[in-house]
Amino acid sequence: MNPMDRRSFLRTTAAAGFALPIASDAFGMDILGVRARIDAGAAGDYAVRAVPLSKVRITDGFWRPRMDANRNVSLDHCLARFDDGGAFSVSKLVEAVAYMVTERPDATLEARADERITQLVASIDQRLEDPAQAVRISGHVLEAGVAYHEATGKRALLDAVLRAADAMDRVYGPGRATYISGHEGLKMGLIELYRATGEQKYWRLAKFFADERGRDDYERTGEYARDRTYAQDHARVVDQDEAVGHAVRATFLYIPMTDIAVLDGSEPYRSAADRIWDDATGRKTYVTGGIGSVRFHEKFGAAYELPNLSAWNETCAAYGNVVWNHRMFMLHRDARYIDVMERVLYNALLVGVSLRGDRFFYQNPLVSYGDYERFEWINVPCCPPNVVRMIASVGEYVYAEGAADDGVYVNLFVDSSAELMAAGAPVTIRQETRYPWDGDVRIHVEPQTPTTFALHVRIPGWTAASVLPGDLYGFVDEAAEPPRLSINGEPQPLRVERGYCRLARTWNPGDVVDLLLPMPVRQVEAHENVADDAGRVALQRGPLVYCAEWPDNDGRALNIVVPQGAALRSEFDADLLEGVQVIRGTVQAITRTASAGVAATVPHELTAIPYFAWANRGMGEMAVWLAREPAIAWLPPVLPPNVARVTTSGGVVKAWTGYNDQNDDLAAVYDGREPLNSADQSHRFFRMRPPVGETAWIRYDFVEPAEIASTRVYWFDDKRFCRMPVWWRISYRRGNEWLPVQERDPYTVVKDGFSSIRFAPVRADAVRIEIEPETVPYASGQIGPPAAMFIAEDIDWRECGVIEWQVT
């Protein structure tokens, strides 16, 4: 049976509802399935599919070095740190190995994966001693079993996950037991097993698990009971209409929801996926494509709640967002989903790993005060393996093919070649480009014989007015030059439908399409409801978002001002960060004058680098959103007039910077920044954690005794573990004695505003604010402080915070 006959056989059998055997090497080609590689002909499946990785060769000057570092450095780095082979997270690395050996066989790499698979299989079989526990086997393991068999023909892991899936199917389902998971990745794995085997029971079980969400008669415990949005369990999935809860878990639900919309022909699922996507993309996505703006529960915030400093933007969520948007493209055949996918891939995902490949980010803020860096390893090691498997599989996202009348899609511009089928005939598509550094793309169309089909060439939204679909962001300036396209040197009208220029013709060997995508430096503004970006501008060129980082800007980045009309240019710097396109231009910066506390504005030669490349040269300031006016720019604060020093009973001790908990600084209390609200994390704050029986305090010592008569304080409440205080008071020092002030107003604790107090004037050489935090008990097993992880023992937690404290 030749490869095409075999594929037709599998399609016909699946359409007839028969169970399919796992495809073997006897058929002479890859089995179906694996995440984005979805066969166009499967019953009720997507009308387009990604060209599989085995048919794509990446020769790109941008991606090839990253793929090589991923293979030679990142994979080894991660494998060496998973000393427990039974840890299900290692399955992501097994999946990555599958992609790597598909691209280039490597017996040594395969043998290393085999060792881990032996341990994984043992862990699976141990879990299956109680069949009801099969549902606690990660969906990533199921995905890895399919991918590794497809790449190598080896069945050990695949057989183990099939045993697990069959055990699930015997225990759970309509008329049997139910289960509402805290993490939704299982459904992704079950659908992959369906695509590999044709056994419809697997995707139907995935749909059953999805349909059970939102039930009120299911007993939940711990965090899931307290906040059902955390795991998107607050409503039936078909009734959900906004992106909520843990951002990674969310994307791992939205991916199979999109699959089920197609597999079941379900309009309610399709509508829900569309509504959620509109909300996530139009109101809750950072300009880099990152998602998840609130640290507590690593979750989506409210509409337009996009703080830059405390941005969570977990790298795992970027992985899920890439996959989900690719699924949405296959559902709708609309390039706007590829626009989002590309933005995430080049910015929010790629920033998650260092250029060298051995340092990572868990979360990805859009500003740094200089004390956040990449980590070598972390106690929740989910993100590094997700980066590894995404970079290993990036070839899957470049091209797509559909039914004969839909032809071929060029989605990403990557120097590469792909072997695919169009109108039933073999065709090679080959790209030549330096993208994303420039927008010249040459596409060679090479059918074996003249073949009639449509070539869909994506015209990115950023070439015109679209930063992201919707009005969350907009370009300040209009595109100066439209894209241009020609075939064999003949200019063609650029008719764009659903984001593609559809070129339907009879293609001959040697045909060439030339596409020019102009890449001027564009300035971006955020929607007026994004409070943290008010008065600021971001820089973009092509698909890349840029940032200012300290090594290129006289040791600072937060003091830079980009005034309206600033002339910016772009050039390639081969000696910087392994070679990057930079943005340069004369702008402004604020700096201290000889008179302390006075800032002056001076000319500044800006250098901005691609966001993905920051934090490769040590810790220092970084900013994506740059001030328009000097008043918004930032310099480290100086002590208020007549204040000699500021001391405290003790702040939060940060042992390391792998998590983005960089916001704390005692200097925040006198930096003069008016907060947006008590939960404002767009600037710094200061937290204290006194033990039971002790109050917290902050103290100003004066250079000379001063008369004081009022004070006001803005409390910090992070919607997590730092709470509004129970009470507070002011005392002053005269000589060696601390005395309470005689208040003229009652003490109040005000949220989202200043708590003010007037008192009888006193002359003092120091003043102190004393604070009694709320004592909050947390029980073992809860998600609790300090790291928002499941805690091992009961604790009483006392945490309070101050954003600003002013004394008059």
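Conventions adopted
- Residues numbered from 1 in each chain as written.
- Predicted model: local features only at pLDDT ≥ 70, side-chain atom pairs only at ≥ 80, totals over all residues.
- Heavy atoms only, no water.
- Phe/Tyr/Trp six-rings, centres within 6.5 Å; stacked < 30°, edge-to-face > 60°.
- Helix = DSSP H or I, 4+ residues; strand = E, 2+ residues; numbered from the N terminus.
- Buried < 20%, exposed > 50% of the residue type's maximum accessible area, 1.4 Å probe, protein only.
- Core = buried A, V, L, I, M, F, W, Y, C linked by side-chain atoms within 4.5 Å.
- Contact = heavy atoms within 4.5 Å.
- Expected span 1.5 Å × (residues − 1).
- Polar contact = N/O pair within 3.5 Å; in protein donor to acceptor, adjacent residues only side chain to side chain.
- Pairing = 2+ DSSP bridges.
- Salt bridge = Lys/Arg side-chain N within 4 Å of Asp/Glu carboxyl O.
- Axes fitted to C-alpha atoms, helices over the stretch in contact; angles between N-to-C directions.
- pLDDT = per-residue confidence, 0-100.
- Lys, Arg positive; Asp, Glu negative; His and termini not counted.
- Parallel < 35°, antiparallel > 145°, perpendicular 65-115°, else oblique.
- Left-handed = near helix turned anticlockwise from the far one by under 90°.
- Nonpolar A, V, L, I, M, F, W, Y, C, P; charged D, E, K, R; others polar.

Draft legend 1. Summary view of the packing of aromatic side chains. Evaluation of the coordinates by the stated rule reveals 33 aromatic pairs. Judged by centre distance (5.6 Å) and plane angle (90°), the ring pair of Phe62 and Phe612 falls under edge-to-face. Note that Phe62 is positioned in the loop between strand S2 (56-58) and helix H2 (63-81) and Phe612 in the loop between strand S22 (599-610) and strand S23 (621-623), a separation of 550 residues in sequence. Exposure class is identical for Phe62 and Phe612. Each is buried.

Draft legend 2. Structural context of the nonpolar core. Within the largest apolar cluster, 214 residues are counted, with the highest numbers of intra-cluster contacts made by Trp63, Ile124, Leu157, Leu455, Tyr473, Trp614 and Val624. With near-sequence residues (within four places) excluded, Tyr473 lies in contact with Thr285, Tyr286, Val287, Leu306, Val467, Leu468, Val524, Glu525, Ala526, Asp533 and Trp625.

Draft legend 3. Structural detail: helix H5 (residues 139-152). Taking 1.5 Å per residue as the helical rise, H5 with its 14 residues ought to reach 20 Å, and the 20 Å between its terminal C-alpha atoms agrees with that figure. Counting buried positions over the 14 residues of H5 gives 13, a clear majority of the element. Two or three places before His140, at the start of H5, stands the capping residue Ser138, its side-chain oxygen 3.0 Å from that residue's backbone nitrogen. Positive backbone phi, approximately 80°, marks Gly153, located one or two places after H5.

Draft legend 4. Up close: the pairing of strand S28 (residues 727-734). Across seven bridges, the pairing between S28 and strand S30 (residues 754-772) is antiparallel. Bridge pairing in S30 places Ser731 opposite Arg768. Bridge analysis of S28 against strand S29 (residues 737-740) gives four bridges, and the strand direction is antiparallel. Following the sheet pairing, Ser731 is matched in S29 by Pro740. In sequence, S28 turns back onto S29 through a hairpin of two residues, with Gly735 there showing a positive phi of about 70°.

Draft legend 5. The pattern of salt bridges, seen in detail. Going through the model one piece at a time under the given rule, you end up with 67 salt bridges. Between Arg699 and Asp701 there is a salt bridge whose closest N-O contact spans 2.9 Å. Each of the two residues, Arg699 as well as Asp701, counts as buried. Here the salt bridges do not stand alone but share partners, grouping Asp45, Glu192, Arg195, Asp259 and Arg327 into one network.

Draft legend 6. How the structure looks around the sheet that holds strand S14 (residues 500-507). If you trace the six strands from one edge of the open sheet to the other, you get S1-S4-S5-S9-S14-S13, paired in mixed fashion. Single-partner strands in this sheet number two, and they are strand S1 (48-50) and strand S13 (496-497). One ladder, built from three bridges, connects strand S4 (residues 399-402) with strand S5 (residues 408-410); its direction is antiparallel. Each residue of the ladder has a partner; that of Tyr399, found in S5, is Val410. Each of S1, S4, S5 and S14 is contacted by helix H12 (residues 315-332), which is oriented at about 150° to S1, the strand it contacts most. In this fold helix H13 (residues 335-349) packs onto strand S9 (451-458) and S14, with an angle of close to 50° to the strand it touches most, S9.

Draft legend 7. Seen up close, the confidence of the model for the protein. On average, residues of the protein score 90 in pLDDT, and 92% of them reach the 70 mark or higher. In this model residues 1-43 is a low-confidence stretch, pLDDT under 50, and it forms 104 contacts with partners more than four residues away in sequence or in other chains.

Draft legend 8. The arrangement of the side chain of Arg66 in detail. Looking at the secondary structure, you find Arg66 in helix H2. Buried Arg66, no salt bridge; nearest opposite-charge side chain is Glu578, N-O distance 5.8 Å. Beyond its immediate chain neighbours, meaning those up to four positions away, Arg66 contacts Leu350, Leu355, Ile391 and Phe612.

Draft legend 9. Main features of the environment of Val237. Tracing the sequence through the fold places Val237 in the loop between helix H9 (222-226) and helix H10 (247-263). Measuring from C-alpha to C-alpha, the distance between Val237 and Gly370 comes to 41 Å, with 133 residues separating the pair along the chain. Residues in contact with Val237, not counting those within four places in the same chain, are Ala210, Arg213, Leu253, Met257, Tyr269 and Ala272.

Draft legend 10. Just the pairing of S22, in detail. Of the pairings in the sheet, the one linking strand S18 (residues 544-549) to S22 comprises three bridges and is antiparallel in character. Across the sheet, residue Ala548 finds its bridge partner in S22, namely Ala608. Bridge count between strand S21 (residues 580-592) and S22: ten bridges; the pairing is antiparallel. Paired with Arg584 across the two strands is Thr607, which belongs to S22.

Draft legend 11. Region of interest: the packing of H5 against helix H7 (residues 185-197). Axis separation between H5 and H7 bottoms out at 7 Å; the angle between their running directions is 25°. As judged from the angle between their axes, H5 and H7 are roughly parallel. As for the relative orientation of H5 and H7, their crossing is left-handed in sense. Here Gly139, Leu142, Glu143 and Val146 of H5 lie close against H7, whose contacting residues are Gly185, Leu186, Met188, Gly189, Leu190, Glu192, Leu193 and Ala196. Looking at side-chain class alone, the contact of H5 with H7 contains seven nonpolar, three polar and two charged residues.

Draft legend 12. Up close: H13. Counted at 1.5 Å a residue, the expected span for H13 with its 15 residues is 21 Å, and the 19 Å between its end C-alpha atoms agrees. Counting buried positions along H13 yields 14 of 15 residues, so the element is predominantly enclosed. Its side-chain oxygen 3.0 Å from the backbone nitrogen of Arg336, Asp334 forms the N-cap of H13.

Draft legend 13. Broad picture of the side chain of Thr281. You can see Thr281 is positioned in helix H11 (residues 267-283). Excluding anything up to four places from it in sequence, Thr281 contacts Val340, Leu468, Pro469 and Leu472.

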